[in-house]
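One letter stands for each residue in the lines below.
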Amino acid sequence: MTPTAFDVVIVGAGIVGAACADEFAQAGLHVAVIEAGQIGGGATAAGMGHIVVMDDSEAQFALTNYSQQLWRTLAAELPPKFLEDTEYEECGTMWVAADEEEMDEVRRKQAFYEQRGVPVEVLDARQLAEAEPNLRPGLAGGLRVPQDGVTYPPCGARFFIEQAQTRGAQLFQGKTVIELTGKGARLSDGSFIAAGFTVNASGSWAPELTPGVNVQKRKGHLVITDRYPGFVRHQLIELGYLKSAHSISTDSVAFNAQPRKTGQILIGSSRQYGVEDKQIDPPILRRMIDRAIEYMPRLAKLSALRTWTGFRAATPDKLPLIGPSAIENLYLATGHEGLGITTSLGTAKLLADQVLKRTPAIPIEPYLPSRSMEDAHA
């Protein structure tokens, strides 16, 4: 193999790495993707697959809104097989308000989204009960965001890898990278895959290959039920989720339920910091399920088929790292935490824009890794 056999080597075939591979291959670059495990088997498998526009900050809104529109465009352009393979469905998000205080948050979010052109609908208590009959009585209302969607993340990652391969990309699966520079990747068998530049898209493992990257592991649990078509119609999220999601140091749970095309229901969510053990944590799982039953009491009568955990890559400011690292020609695409599925397509575009000197659709500055490095040296 010549020293520059590939234009780019991407480490990690999660949905972010896979989307980057497809974007670079589509631009005509010779792409190599290295994955030690299953495609979409790391942080991607720990995600719910919720494609959602968020409003924690203007930068988060810009990236999630841009990415959601890329998903919608892709779904409209590709044949029905894309929707079947990835289980993509535009079911909408329903933010559930338990009381009048949370209805104030509904109205704040309504104003925020409408000012930025995102269609939303405020529902009162009766309308919420009609839209989601299995929610408990007595809830105050909700906010429907109809353009949000869901997908099955591992299948989405596999789809993007297969797309990239049809464009000439090469996949090195079952290969472990032990060293990553801006000139290529060294594997555990001693071989070296050379490239003009590299991308570290290895999620919460990114600091192991690029020391100094300010990313932490955040453990999450998920439960999936047997098939109960129509039991849940939207991606349901309690507005209390926003309070727990803002915590960057304490364990938390929140009601989060997703309808799947199969009729199954995916239940989340939990967040734990400082945990390295992948085993199920029974107390946290119990809290998460109890919270879900609190909002949907009939969930208690359904059968769960599988429970699993995973680690998501979190940054202190809740924004991903997209762009050049401190090492020449080594780029980062990590730190997406729970929004990696949503923002995978936007991340791929923004990274390719930087490498290929294209004009980005949104400002890239909020996501540049240099902000994190500046904080670390402050």
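Novice: Please explain the layout of surface pockets as it appears in this structure.
Specialist: Gaps between atoms show up when a probe of the same size as a water molecule is rolled over them. Approximately 290 Å³ is the volume found for the second largest pocket. What lines the second largest pocket is a set of 15 residues, among which Glu23, Gln26, Leu74, Leu345 and Lys349 lie closest to the centre. Elements with a contribution of two residues or more to the lining of the second largest pocket: α1 (15-26), α2 (58-77), α6 (153-166) and α10 (340-356). Grouping the constituent residues of the lining of the second largest pocket by class yields seven nonpolar, three polar and five charged.

Novice: Explanation requested: the pairing of strand β6 (residues 141-145) in the structure shown.
Specialist: Consecutive side chains of a regular strand alternate in pointing toward one face of the sheet and then the other. The buried fraction of β6 amounts to four of the five residues, a majority that puts the element mostly inside the structure. Here strand β4 (residues 93-97) pairs with β6 via five bridges, running antiparallel. Following the sheet pairing, Trp95 is matched in β6 by Leu143. Sheet topology places strand β5 (residues 121-124) next to β6; four bridges connect them, and they run antiparallel. In the strand pairing of β6, Val122 is matched with Leu143.

Novice: Please clarify how the sheet that holds strand β16 (residues 304-314) should be interpreted in this entry.
Specialist: Each strand in a sheet pairs with its neighbour through backbone hydrogen bonds, running either in the same direction (parallel) or in the opposite one (antiparallel). Across the sheet, eight strands lie side by side as β5-β6-β4-β13-β14-β15-β12-β16; this open sheet has mixed pairing. At either margin of the open sheet sits one strand with a lone partner, and together these are β5 and β16. Ignoring which end each strand starts from, the neighbouring axes of this sheet average 25 degrees apart. Lying over the sheet, helix α4 (residues 100-115) contacts β4, β5 and β6, oriented at roughly 20 degrees with respect to β6. Against the sheet, helix α9 (residues 282-295) touches β4, β12 (216-225), β13 (235-238), β14 (252-259), β15 (265-273) and β16, its axis set at about 60 degrees to β14.

Novice: Mind showing me how you'd approach the pattern of salt bridges here?
Specialist: Side-chain pairs of opposite charge can arise whenever the charged atoms involved come near each other. For the structure on display, the rule yields 24 salt bridges. Put simply, Arg108 and Asp55 hold a salt bridge, and the shortest N to O gap is 2.8 Å. Of this pair, Arg108 sits in helix α4 while Asp55 is found in the loop between β3 (50-51) and α2, placing the two residues 53 residues apart along the sequence. The exposure class of Asp55 is buried, given its relative accessible area of 6%. Measuring nitrogen to oxygen at the nearest pair gives 2.7 Å for the salt bridge that ties Glu337 to Arg218. Linking Glu337 in the loop between β18 (330-334) and α10 with Arg218 in strand β12, this pair joins segments that are 119 residues apart in sequence. Note on accessibility: Glu337 and Arg218 belong to one class, buried. Through salt bridges with shared partners, a single network forms among Glu23, Lys349, Asp353 and Arg358.

Thresholds, definitions, all that
Residues numbered from 1 in each chain as written. Predicted model: local features only at pLDDT ≥ 70, side-chain atom pairs only at ≥ 80, totals over all residues. Heavy atoms only, no water. 1 Å grid on protein atoms, 1.4 Å probe; cavity = no way out; pocket = protein on both sides within 12 Å on 5 of 7 lines; lining within 4 Å. Points joined across faces, edges and corners; volume = space filled by probe spheres on them. Helix = DSSP H or I, 4+ residues; strand = E, 2+ residues; numbered from the N terminus. Nonpolar A, V, L, I, M, F, W, Y, C, P; charged D, E, K, R; others polar. Buried < 20%, exposed > 50% of the residue type's maximum accessible area, 1.4 Å probe, protein only. Pairing = 2+ DSSP bridges. Axes fitted to C-alpha atoms, helices over the stretch in contact; angles between N-to-C directions. Contact = heavy atoms within 4.5 Å. Salt bridge = Lys/Arg side-chain N within 4 Å of Asp/Glu carboxyl O.

That's the geometry; what it means functionally is another story.
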